[in-house]
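# Structural characterization, general
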Amino acid sequence: MEKYIIKGGNPLVGEVEIGGAKNAALAILAASTMTDEVVHIENMPDESDTNVMLQAIESIGAIVKRTGRHSVKICASQIHDYVIENDYIKKIRASYYLLGALLGKYNKAGVALPGGCNIGLRPIDQHIKGFNALGASVNIEHGIIAAHADKLVGNHIYLDVVSVGATINIMMAAVMAEGQTVVENAAKEPHVVDFANFLNSMGANIKGAGTDVIRIQGVEKLHGTEYAIIPDQIEAGTFMLAAAATRGDITIKNVIPKHLESISAKLIEMGCQVHESDDAVRVVATKRLQNTHVKTLPYPGFPTDMQPQMTVALGLASGISVVTESIFENRFKYVDELTRMGASIKVEGSSAIVEGVSKYTGATVSAPDLRAGAALVIAALTADGISTIEDIKYIERGYEDFDQKLRELGAHIEKVESDRDMQKFKLRNA
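Read on for an overview of the structure. Note that the structure is predicted; figures quoted are calculated from it, not measured.

## Some words on the packing of aromatic side chains
- Evaluated as defined, the whole model comprises six aromatic pairs.
- With 4.7 Å between their ring centres and 50° between their planes, Y82 and Y106 make a pair best called tilted. Of the two residues, Y82 sits in the loop between β5 (71–75) and β6 (83–84) while Y106 sits in helix α3 (residues 97–106), which places them 24 residues apart along the sequence.
- Given the relative accessible area of 23%, Y82 is considered partly exposed.
- Its relative accessible area of 22% is what places Y106 among the partly exposed residues.
- Taken together through their ring pairs, the aromatic side chains of F239, Y399 and F402 make up a single cluster.

Structure (structure tokens):
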């Protein structure tokens, strides 16, 4: 089992290039099956989740041709199966996007119930509500969620809660439905906008993405396209917090600074310098961080996917901070692991009361999910001594070449598999 072994204490300094957005890529790859023509996607992150999605698409008959590490051509004219129940598709939450894509194109679809990180209840009731409103019947039997419609017809849909997944799935189901669909209380995240832009590049008629009301006028069919995915907001934010926590100086390149404003604002409150340019953000931290309060909210609020990384940084800040999680109720599972490294954090309901400590200490910890795993890596990079991060498969679901990028910033981190490799690392870094 692969692990990260890390010797902390080095400030991270230098430049890092951000890849394509995982959350946009998963939706875009699913939607590429909605045309019989060739779709060429660029700036696709090479991560385990995107690779699983490509496997799933290929398993139902689509032709998938990797034209580079970060580019792929997909032709879905030969799809022969509308039910996807392979074991690997159960590993990712975004498997449900194939439900909206296949339902939108063929009026029928079945997908194994999704997996992904265990960060709390993520019901798909809003997805089902949207599909029902468009005229589809949805059933869950034997671990498969199946949808079927004689004909999809546009409708007015109000989402009870802001849901990125439901917003995207409804867009796919509605894009070739008869008439107009209006989605109210829609998610406004950058990858929702990117996804709408992708569908529009295929001939869809979607307006209002990025606001809380999206209007979709159904079209007869979609055509092929070439499209480049936006940079990953969460990968960028992770390196921003790594700069803050290690008292480093990192220039994060290939980003859209506007997508990072909620993170930048908190870093400035904490005493960091944040310098923005057209496609880069530089974060400089020269002194101990100051305490602040953070509450996760749908975009443009502070992202739930950045909450663990922020908590790690605040664990080293002066004074007491409060971090409130309003999206997922189970997102503080990493706190026990962080406590093993010397953090002083008390979870009360949906909030964590964080009393800053002067330093973390090296320990063996386990990544409970994707973002918490990245946060524990940041903690280890600041810690006194050597740490081991286990279950890094979660981290690799959403970060490409994470250890390599950190090494290029001066981190002492290696991916190891054997005890012998761990001992070699410890001898080199004694």
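## Observations concerning the nonpolar core
- Grouped together as the largest cluster of nonpolar side chains are 80 residues, with contacts concentrated most on Y97, M171 and L199.
- Other than its neighbours up to four places away in sequence, L199 contacts A31, M171, V175, A204, I206 and L222.
- Of all hydrophobic cores here, the second largest spans 71 residues; its members include A245, V281, L338 and V365.

## Considerations on the packing of α3 against helix α5 (residues 164–174)
- Taken N-terminus to C-terminus, the directions of α3 and α5 make an angle of 15°; their axes are 7 Å apart at the nearest point. As judged from the angle between their axes, α3 and α5 are roughly parallel. Considering the relative orientation of α3 and α5, their crossing is right-handed. From α3, Y97, L99, G100, A101, L103 and G104 reach across to α5, where they touch V164, G165, I168, N169, M172 and A173.

How each quantity is defined
Residues numbered from 1 in each chain as written. Predicted model: local features only at pLDDT ≥ 70, side-chain atom pairs only at ≥ 80, totals over all residues. Heavy atoms only, no water. Phe/Tyr/Trp six-rings, centres within 6.5 Å; stacked < 30°, edge-to-face > 60°. Helix = DSSP H or I, 4+ residues; strand = E, 2+ residues; numbered from the N terminus. Buried < 20%, exposed > 50% of the residue type's maximum accessible area, 1.4 Å probe, protein only. Core = buried A, V, L, I, M, F, W, Y, C linked by side-chain atoms within 4.5 Å. Contact = heavy atoms within 4.5 Å. Axes fitted to C-alpha atoms, helices over the stretch in contact; angles between N-to-C directions. Parallel < 35°, antiparallel > 145°, perpendicular 65-115°, else oblique. Left-handed = near helix turned anticlockwise from the far one by under 90°.

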